[in-house]
Amino acid sequence: MKRILTGDRPTGKLHIGHYVGSLQTRVALQNDYETFILIADVQALTTHFERPELINESIYNVAMDNIAAGLDPEKVTFIQQSMVPAIAELTIFYSMLTTVNHLLINPTIKSESRNYGFGENDGDFSYDFSKLTYGFLGYPVSQTADITFCNADLVPVGEDQVPHLEFSRKLVRKFNELYGTSITVPDYKLSQVPRLAGLDGNSKMGKSLGNALYLSDTPEEVWNKVRNAKTDTNRISVKTPGNPDVCAVYHYHKAFNAGEVENVCSMCKNAQMGCVACKKLLNEKLNALLDPMRERRSKYEANPSLIKEIVAEGTKKANEIGNENIRQIKEKMHVTM
Ligand code: SF4
């Protein structure tokens, strides 16, 4: 069985955008691949270094969200990144072969630097080197180590991660050529699913934006968010024909109610359904998705030590693999005593 490595940054609970963008793919692939889920707490420090306690408590929430979404803890290996020294060692070795310029031209590093205030956008983006940290700039290097410490074959990615994976592939090839190692050059599988926007109409969903619909939300919380979702603001009454294309609720029907979406579109355009009824229908569909997750989660919420054991077991397995691989790599590099 080939090995997949994927994961999450533990900076909070996972939301429904994570489910659409990656969790449902993981669930679908878990029977065909050996699945490693890396809970990337070191990578989370690159942007949340002032909030280590948030990262620590999020490790178990993220593992629970993955299991609630349908990943089978009997099959899947959950790994706490910071507890795998082989990843840190490999990061250092890879960094020797990486030029600063190669990282600075990475388009995803540029756009994320903009988001985190590590640069300014005056027409052309320019970095602010008094703010940009060494750790943040280098995270494609540590991500390469995350993927390759266990010789993962495949990484499912969104569009924004493609430059990182291309970088990883080049770096691993260069490393293998130089030292005669046989580290697996990772392949990637591009997700075709468009990013889910916020129910408030914002093109992004996120905790900091206050518009996230969490996998762990209660039915009441879901309804509150759906009830307040942005609709076609020109639709002033039920009798006014609506424009679904500008309505966040309609975009959620597309994602979670494929069977009825055409009907929703036509009823909206022909003023045959009001927005409250439309939202209630979406609410039903969302809860139909989330109810089985709530059911699976309840076992772990009642006994949180189960989640800790799952992460500890997975991390132990990752260390067995990583320690042997890094031993072989160091031997080839003549990093020996
Ligand atoms: S009927 Fe539905 S799709 Fe149309 S504007 Fe209202 S909420 Fe949006």
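Residues numbered from 1 in each chain as written. Predicted model: local features only at pLDDT ≥ 70, side-chain atom pairs only at ≥ 80, totals over all residues. Heavy atoms only, no water.

Now for the site of the ligand. All residues adjacent to the ligand are Thr-231, Asp-232, Arg-235, Cys-247, Val-249, Tyr-250, Cys-268, Met-273, Cys-275 and Cys-278. At the level of secondary structure, the elements contributing two or more residues to the shell around the ligand comprise α11 (248-256) and α13 (275-302). In terms of residue class, the shell around the ligand is built from seven nonpolar, one polar and two charged. (Near = heavy atom within 4 Å. Helix = DSSP H or I, 4+ residues; strand = E, 2+ residues; numbered from the N terminus. Nonpolar A, V, L, I, M, F, W, Y, C, P; charged D, E, K, R; others polar.)

Scanning all chains against the criterion turns up nine aromatic pairs. Between Phe-118 and Phe-136 the ring centres are 4.9 Å apart and the planes differ by 70°, which places this aromatic pair in the edge-to-face class. Of this pair, Phe-118 sits in the loop between α6 (107-115) and β4 (119-122) while Phe-136 sits in helix α7 (residues 134-137), and the two are 18 residues apart along the sequence. Exposure class is identical for Phe-118 and Phe-136. Each is buried. A network of ring pairs unites the aromatic residues Tyr-116, Phe-118, Phe-136 and Tyr-139 as a single cluster. One cation-aromatic arrangement involves Lys-13 over Tyr-214; the distance from NZ or CZ to the ring centre is 4.6 Å. Above the face of the Tyr-60 ring, Lys-308 is positioned so that its terminal group lies 5.1 Å from the ring centre. (Phe/Tyr/Trp six-rings, centres within 6.5 Å; stacked < 30°, edge-to-face > 60°. Buried < 20%, exposed > 50% of the residue type's maximum accessible area, 1.4 Å probe, protein only. Lys NZ or Arg CZ within 6 Å of the ring centre and 35° of its normal.)

Before going further, it helps to examine the domain arrangement of the chain. Taken domain by domain, the chain holds domain 1 (3-98 + 138-197 + 304-333) and domain 2 (219-295). The interface of domain 1 with domain 2 comprises seven residues on the first partner and seven residues on the second. With both sides pooled, the region where domain 1 packs onto domain 2 buries about 570 Å², and carbon together with sulfur makes up 80% of that total. A per-residue breakdown of the area domain 1 buries against domain 2 is headed by Ile-16, Tyr-19 and Leu-196, which together make up 62% of the total. Along the contact surface separating domain 1 from domain 2 lie one residue pair in polar contact (both at pLDDT 80 or more). With three residues, helix α1 (residues 16-29) is the single largest residue contributor to the side of domain 1 that touches domain 2. (Domains from an automatic or database assignment. Contact = heavy atoms within 4.5 Å. Buried area = accessible area lost by both parts, 1.4 Å probe. Polar contact = N/O pair within 3.5 Å; in protein donor to acceptor, adjacent residues only side chain to side chain.)

Before going further, it helps to spend a moment on helix α4 (residues 85-95). The set of residues buried in α4 consists of Ala-86, Ile-87, Leu-90, Thr-91, Phe-93 and Tyr-94. For α4, the arc enclosing every buried residue in end-on projection is 165°, short of the 170-degree limit, so these residues lie on one face. Close packing links the buried residues of α4 with β2 (34-39), α8 (139-148), α9 (162-179) and α14 (305-333). (Arc of directions from axis to C-beta.)

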